[in-house]
Amino acid sequence: MQRETQSTRNNDGLFAVGSPVTHWSVQTSNPVQYEIRACENLLDPGNSTILEDASGSSDQRRFIVTDRVVDSLYGERIRAYFEHHGVEHRVLVLDDGETHKSMSAVLRVTEALDAFGIDRRREPVIAVGGGVLMDIVGFAASLYRRSTPFIRIPTTLIGLVDAGVGAKTGVNHNGHKNRLGTYFPADRTLLDRSFLVTLHERHISNGLAEILKMALIKDARLFDLLEQHGADLLRNKLQSPVAMGPTPADVPVDQRLAARGLHLDPATEVVERAIQGMLEELQPNLWEKVLERVVDYGHTFSPTIEMHALPELLHGEAVAVDMALTTVLAERRGLVSAYQRDRILSVMEQLGLPSWHPLCTSEVLANALRDTVRHRDGKQRLPLPVGIGSAVFVNDVTDEELGAAAEALRGLVSGVPR
């Protein structure tokens, strides 16, 4: 009797090959759904949005993580909110800033979760803070019991339009930006622009850099809005002009505007377009299977520049320097006109962003590009702007070309670093 030498049995993605079986193949999928919601007055005791997914039982418990700056501004209101709703809670306060974005901070969160005795599924961790804080908490949540749900409440502009809408978590390690991390989206991100009122203007600029990124690589209308209204957006901290009007606060801003015969105000449209554009790019490639990503614009050289300059540069400031450099690089290749280049650099200035830094040396930039090539699977995959509102990927930038572009940029800004 001849023995069967190979067989394949399929059970919804489970394959066994051979007789006797020599190997198994498992195919499965993990559907992902998460929510990003624009809200107002989140910390108003009468607003139950933060607790919407609560079971309604009297033994509700929540673990909240924030940083020292946010705690000094909103700590009393955060605690009062949970006390008002009868929710047992603990607030963990971490050191703020990029220099504290480390594995030790992640372990502080996980140890505090153990001490609190959090329920893995029914008690989502709540992160209230900027991009650094949300990255730390998200990383901790992805590791704790292999996955614990969490909610993001960004309090900075960069958190609202960038760190708060994607799936990535991470911390700095061994001198490198976000060298350790996971893909682990929050169950919900709640966006309340009223938090921006307490930000220093520099931190508004920091977030505007990520908005400018989206404008340059895919949204000319967004660039026009920044060009026309950038100074006002910075000064008014992206608050809607009618947000504090006499209409009840529970009526959304767009409805209040419509009641007055107005369209979206510039601040609302800018934030909305930035988030929509980011999600359009992230949604089909959430796990970065495709490494040519236009949202990586401004993030080729900036990780190295930012880490070398710490604590001098904020993230968005380093991104702006990267964008200025690559705009000049694109102009020298004929992808951007001198007129468009000047418009871009002028908008950066309007938004309070630097376009040059002394770390833009041939050596630093060449090393940054080599590190990026390792990150992008052996190719540069460098996004360059094509005009304003489009982009192309290149893989042939030389060290000499980088050095020449840096020198040209230095000349354009008169060699005076911000």
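As annotated in an unreviewed UniProt entry, the protein chain carries the name 2-epi-5-epi-valiolone synthase and comes from Streptomyces pimonensis. You can read under Catalytic activity (unreviewed entry) in the UniProt record for the protein chain the words "D-sedoheptulose 7-phosphate = 2-epi-5-epi-valiolone + phosphate". Word for word, the UniProt comment on the protein chain under Cofactor (unreviewed entry) is "NAD(+)".

(A) Broad picture of the UniProt feature "transmembrane region" (unreviewed entry) in the protein chain. Within this numbering scheme, the UniProt entry marks residues 125-144 as carrying the feature "transmembrane region" (unreviewed entry). Across residues 125-144, helical content stands at 65% and strand content at 25%; the span's end C-alpha atoms are separated by 11 Å.

(B) Focus on the packing of helix α6 (residues 220-236) against helix α8 (residues 266-282). Close contact between α6 and α8 brings their axes to 10 Å; oriented N to C, the two are set at 135 degrees. Of the possible angle classes, the one that applies to α6 and α8 is oblique. You can see that α6 and α8 cross each other, and the crossing is left-handed. Of α8, the residues touching α6 (which contributes Arg 221, Leu 222, Leu 225, Leu 226, His 229 and Leu 233) are Pro 266, Ala 267, Glu 269, Val 270, Arg 273 and Ala 274. Here the contact of α6 with α8 is composed, by residue class, of 8 nonpolar, 1 polar and 3 charged.

(C) Quick look at unusual backbone geometry. Cis geometry is adopted by the peptide bond preceding Pro 20, which originates at Ser 19 and carries an omega value of 5 degrees. Locating Pro 20 in the fold gives a position in the loop between β2 (14-17) and β3 (23-26). Going from Leu 310 to Pro 311, the amide bond is cis rather than trans, its omega being -5 degrees. Along the polypeptide, Pro 311 turns up in the loop between α9 (302-309) and α10 (315-332). Even without being a glycine, Arg 145 presents a positive backbone phi close to 50 degrees. On the secondary structure map, Arg 145 appears in the loop between α3 (131-143) and β8 (150-154). A positive phi angle, near 70 degrees, is found at Arg 146, a position not held by glycine.

(D) Spotlight on a nonpolar patch on the surface. Taken together, Leu 14, Trp 24 and Val 26 make up a surface patch of nonpolar side chains, about 350 Å² in accessible area. On the secondary structure map, Trp 24 appears in strand β3.

(E) Summary view of the pairing of strand β6 (residues 88-94). With 7 bridges connecting them, strand β5 (residues 61-67) and β6 associate as parallel partners. Each residue of the ladder has a partner; that of Ile 64, found in β6, is Val 91. At this point the chain moves from β5, through helix α1 (residues 68-84), to the parallel β6, and the crossover so formed is right-handed.

(F) Examining the side chain of Arg 193 more closely. Here Arg 193 is to be found in the loop between β11 (188-192) and α5 (201-218). Buried Arg 193, no salt bridge; nearest opposite-charge side chain is Asp 265, N-O distance 4.6 Å. One polar contact links Arg 193 to Ser 240, side chain to side chain, over a distance of 3.1 Å. Aside from chain neighbours lying at most four places away, what touches Arg 193 is Cys 39, Leu 160, Leu 238, Gln 239, Ser 240, Ala 267, Thr 268 and Val 271.

(G) Main features of the environment of Arg 37. Looking at where Arg 37 falls in the secondary structure, it is placed in strand β4 (residues 35-39). Taking the C-alpha atoms as reference, Arg 37 lies 6.3 Å from Thr 189; in sequence the two are 152 residues apart.

(H) Broad picture of empty space enclosed by the protein. Enumeration over the complete set of coordinates arrives at 1 cavity of 30 Å³ or more. By volume, the largest cavity amounts to about 40 Å³. Considering the residues around the largest cavity, the lining is formed by Leu 43, Ile 50, Ile 78, Phe 82, Ile 126, Val 128, Ile 153 and Phe 195. The residue makeup of the lining of the largest cavity, split by class, is 8 nonpolar, no polar and no charged.

About the criteria used
Residues numbered from 1 in each chain as written. Predicted model: local features only at pLDDT ≥ 70, side-chain atom pairs only at ≥ 80, totals over all residues. Heavy atoms only, no water. UniProt positions renumbered as here; feature names shortened; annotations may be inferred. Helix = DSSP H or I, 4+ residues; strand = E, 2+ residues; numbered from the N terminus. Axes fitted to C-alpha atoms, helices over the stretch in contact; angles between N-to-C directions. Parallel < 35°, antiparallel > 145°, perpendicular 65-115°, else oblique. Left-handed = near helix turned anticlockwise from the far one by under 90°. Contact = heavy atoms within 4.5 Å. Nonpolar A, V, L, I, M, F, W, Y, C, P; charged D, E, K, R; others polar. Patch = residues over 30% accessible without salt bridge, like charges linked within 9 Å, V, L, I, M, F, W, Y side chains within 5 Å. Areas by Shrake-Rupley, 256 points an atom, 1.4 Å probe, with all protein chains shown as cover. Salt bridge = Lys/Arg side-chain N within 4 Å of Asp/Glu carboxyl O. Pairing = 2+ DSSP bridges. Right-handed = clockwise from strand over helix to strand, strands pointing away. Buried < 20%, exposed > 50% of the residue type's maximum accessible area, 1.4 Å probe, protein only. Lys, Arg positive; Asp, Glu negative; His and termini not counted. Polar contact = N/O pair within 3.5 Å; in protein donor to acceptor, adjacent residues only side chain to side chain. 1 Å grid on protein atoms, 1.4 Å probe; cavity = no way out; pocket = protein on both sides within 12 Å on 5 of 7 lines; lining within 4 Å. Points joined across faces, edges and corners; volume = space filled by probe spheres on them.

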